[in-house]
Amino acid sequence: MKIMKFGGTSVGKPERMYQVKDLVTTGDEPTIVVLSALSGTTNALVGIGDALSAGDKILAKQRIDELNAHYKQFCSELFRSEVSRQEGEKIIQEHFEFLAILLKISFNDAISKDILAQGELLSTKLFYTLLQELQIDAVFLPALDFMSIDEHSEPELTKIREKLNALLAKYPQKKLFVTQGYICKNHRNEVDNLKRGGSDYTASLIGAAISASVVEIWTDIDGMHNNDPRIVDKTRPIANLSFDEAAELAYFGAKILHPASIWPAQQFNIPVKLLNTMQPEALGTTITANVQERGGVKALAAKDGITAIKIKSSRMLLAYGFLRKVFDVFEKYRTSIDMITTSEVAISLTIDDISHLEEIKLELDKFGTVEIDHNMAIICIVGNLIMEQQGVLQDIMGSLSEIPLRMVSYGGSKHNVSVLVDAAYKNQALQSLNQGLFDF
Ligand code: ASP
Ligand code: MG
């Protein structure tokens, strides 16, 4: 069985939904189709939730009405038969009536998750109705019946596997299944989600749960590129990546893939393919365990919104046990550290989640002077065995000679060098590295 996941732009227009229909009905292999919400919908739902949480019901209603109009228009263009159009309108009405009820009750966090779930519920129901109209045999699999997270918001893979396999066992003859990305139930049995961009994660969790032959992630670009195409003119797709390389790139800014979606596939050794709905014949990127290739830099990515924290002490800072004490503070606040460098008297590290920064700073103050820099960016340089390649650091540093570097991380793994720069230098850093490291 294979998994085919389609992102928001792949289902965001009626004609695109037809393309998706063509793609999921071409092969013979049984397929689970995972859909995101139509493009723009989750952002709009976030906007509705924000207005409600601010108590601005007029704005919330206005945003609900705008989104509703968008769906009505979508539905009128999607279906060919009157029966299906009416079915589509019924689905839309049901979900927008739900949103309208929220205008009358008091708002809380669980409701905000319910709001966010409407996007994937709508896209999958509309797509399923389209398949019915076209007389394509398929099964609708509600993700809320099998996708779950624990109290730390981590997916419960064992439970997911049991529930999903039990569901699939009911349909031994069926070849096409449609389900929602992103949404799940939490440990309180409330509707929740796998965080923004989480439909990729859904796809790879499902892949791991059923030992799929491949997880295909269909987007609007022809694979993972060697640099950010929004910032750099000349970029090209990378044909093959190892799980480790892909994880670094996804984590450090390559927007095409949700970073968490690598581990389930890696653990169960399921290839992940990044493909383009608008150009299905393009090779895309294949991510597998072993990529036998010559060494060298393969790709760059950048992640902004980074905060750097420096802890400086005149006392024997790096006496044994000191790092543990510092790390304990971050562990206590469940804040992960991305980069770290040390000297005898100071340690610098970076985080991207600043929700507990104040508490963290108060605790670190006990160890010495704490300096905090916001608006930094990590530039991540990824490749095969680049640690073993002579002169690679020289090439990197040479390309970055005009840019002040706040931190450098080299030697952490064989396939990554990271540098921290002020976010104002991010684009320049990516462009200079592109010129210096790639031969075009
Ligand atoms: N619709 C959700 C989002 O926009 C999940 C996804 O598309 O992956 O974040
Ligand atoms: Mg995405």
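This text follows the structure it describes.
Here is a short report on the structure shown in this document. (Residues numbered from 1 in each chain as written. Chains lettered and ligands numbered in written order. Predicted model: local features only at pLDDT ≥ 70, side-chain atom pairs only at ≥ 80, totals over all residues. Heavy atoms only, no water.)

1. What about helix α4 (residues 57–78)?
At step 1: Taking 1.5 Å per residue, 22 residues should reach 32 Å; α4 reaches 31 Å between its end C-alpha atoms and fits that length.
At step 2: Within α4 the residues assigned to the buried category are A60, I64, L67, N68, Y71, F74, C75 and L78. Looking down the long axis of α4, one finds its buried residues gathered within 120 degrees of arc, a one-sided arrangement. Among the exposed residues of α4, those pointing more than 90 degrees away from its buried face are I58 and E66. (Helix = DSSP H or I, 4+ residues; strand = E, 2+ residues; numbered from the N terminus. Expected span 1.5 Å × (residues − 1). Buried < 20%, exposed > 50% of the residue type's maximum accessible area, 1.4 Å probe, protein only. Arc of directions from axis to C-beta.)

2. Overview of the layout of surface pockets
At step 1: Its volume calculated, the largest pocket comes out at about 1200 Å³.
At step 2: What lines the largest pocket is a set of 43 residues, among which G197, D200, K255, I256 and L257 lie closest to the centre.
At step 3: Those elements that place two or more of their residues in the lining of the largest pocket are α1 (8–11), α3 (41–53), α8 (199–209), α9 (243–251) and β11 (296–312).
At step 4: Considered class by class, the residues forming the lining of the largest pocket number 15 nonpolar, 18 polar and 10 charged. (1 Å grid on protein atoms, 1.4 Å probe; cavity = no way out; pocket = protein on both sides within 12 Å on 5 of 7 lines; lining within 4 Å. Points joined across faces, edges and corners; volume = space filled by probe spheres on them. Nonpolar A, V, L, I, M, F, W, Y, C, P; charged D, E, K, R; others polar.)

3. A short note on the sheet that holds strand β14 (residues 369–384)
At step 1: Taken together, the six strands give an open sheet; going across it, the order is β12-β13-β11-β14-β16-β15, and neighbouring strands pair in antiparallel fashion. Here the strands that pair on one side only, and so sit at the sheet edges, are β12 (337–342) and β15 (407–413). The mean inter-strand angle of the sheet, taken between neighbouring strand axes irrespective of direction, is 30 degrees.
At step 2: Relative to β14, β11 runs antiparallel, the two being bridged by 13 bridges. Within β14, the position partnered with I309 by the bridge is I372.
At step 3: In this fold helix α11 (residues 322–332) packs onto β11, β12 and β13 (346–351), with an angle of close to 25 degrees to the strand it touches most, β13. (Pairing = 2+ DSSP bridges. Axes fitted to C-alpha atoms, helices over the stretch in contact; angles between N-to-C directions. Contact = heavy atoms within 4.5 Å.)

4. Brief notes about the sheet that holds strand β10 (residues 285–288)
At step 1: In spatial order, the strands read β3-β4-β2-β1-β7-β9-β10-β8; together these eight strands make up an open sheet with mixed pairing. Since the sheet does not close on itself, it has two edges, and those belong to β3 (139–141) and β8 (240–242), each with one partner. For this sheet the average axis-to-axis angle between neighbouring strands, irrespective of direction, equals 20 degrees.
At step 2: Here three bridges tie β8 to β10, and the two strands are oriented parallel to one another. Looking at β10, one finds that S242 is bridged to T288.
At step 3: Strand contacts of helix α6 (residues 109–133): β2 (31–35), β3 and β4 (176–180), with the helix running at about 160 degrees to β4, the strand carrying the most contacts.
At step 4: The strands touched by α9 are β8, β9 (272–276) and β10; relative to β8, the strand with the most contacts, the crossing angle is about 90 degrees.

5. Focus: the nonpolar core
At step 1: Formed by 103 residues in total, the largest nonpolar core has its most connected members in I3, F6, F127, F146, L249, L257 and I287.
At step 2: Looking at this core element by element, the count peaks at 11 residues for α6.
At step 3: Counting residues in hydrophobic clusters, the runner-up holds 20 residues, among them L300, V392, V419 and L433. (Core = buried A, V, L, I, M, F, W, Y, C linked by side-chain atoms within 4.5 Å.)

6. Focus on the site of ligand 1
At step 1: Taken together, S36, A37, T42, E120, Y182, R196, G197, G198 and S199 make up the full set of residues near ligand 1.
At step 2: Here S36 contributes a side-chain N or O atom positioned 3.1 Å from an oxygen atom of ligand 1.
At step 3: At a separation of 2.6 Å, a nitrogen atom of ligand 1 approaches a polar side-chain atom of E120.
At step 4: Bound to the protein, ligand 1 loses 86% of the 260 Å² it would expose on its own.
At step 5: Taken atom by atom, the bulk of ligand 1 overlaps the largest pocket.
At step 6: Looking at the shell around ligand 1 residue by residue, the classes come out as two nonpolar, five polar and two charged. (Near = heavy atom within 4 Å. Polar contact = N/O pair within 3.5 Å; in protein donor to acceptor, adjacent residues only side chain to side chain. Areas by Shrake-Rupley, 256 points an atom, 1.4 Å probe, with all protein chains shown as cover. Sits in = over half its atoms within 2 Å of the grid points.)

7. Remarks on the packing of helix α5 (residues 82–102) against α6
At step 1: Relative to each other, α5 and α6 sit at 175 degrees, their axes nearing to 10 Å. On the basis of the axis angle, α5 is roughly antiparallel to α6. Here S84, E87, G88, I91, I92, E94, H95, F96, F98, L99 and L102 of α5 come into contact with α6, specifically with I111, D114, I115, Q118, L121, L122, K125, L126, T129 and E133.
At step 2: Classifying every residue of the contact of α5 with α6 gives 11 nonpolar, five polar and five charged. (Parallel < 35°, antiparallel > 145°, perpendicular 65-115°, else oblique.)

8. Considerations on the pairing of strand β16 (residues 416–422)
At step 1: Burial within β16 is extensive, with six of its seven residues counted as buried.
At step 2: Where β14 and β16 come together, seven bridges link them in antiparallel fashion. Paired with C380 across the two strands is S418, which belongs to β16.
At step 3: Here β15 folds back onto β16 in antiparallel fashion, the turn holding two residues.

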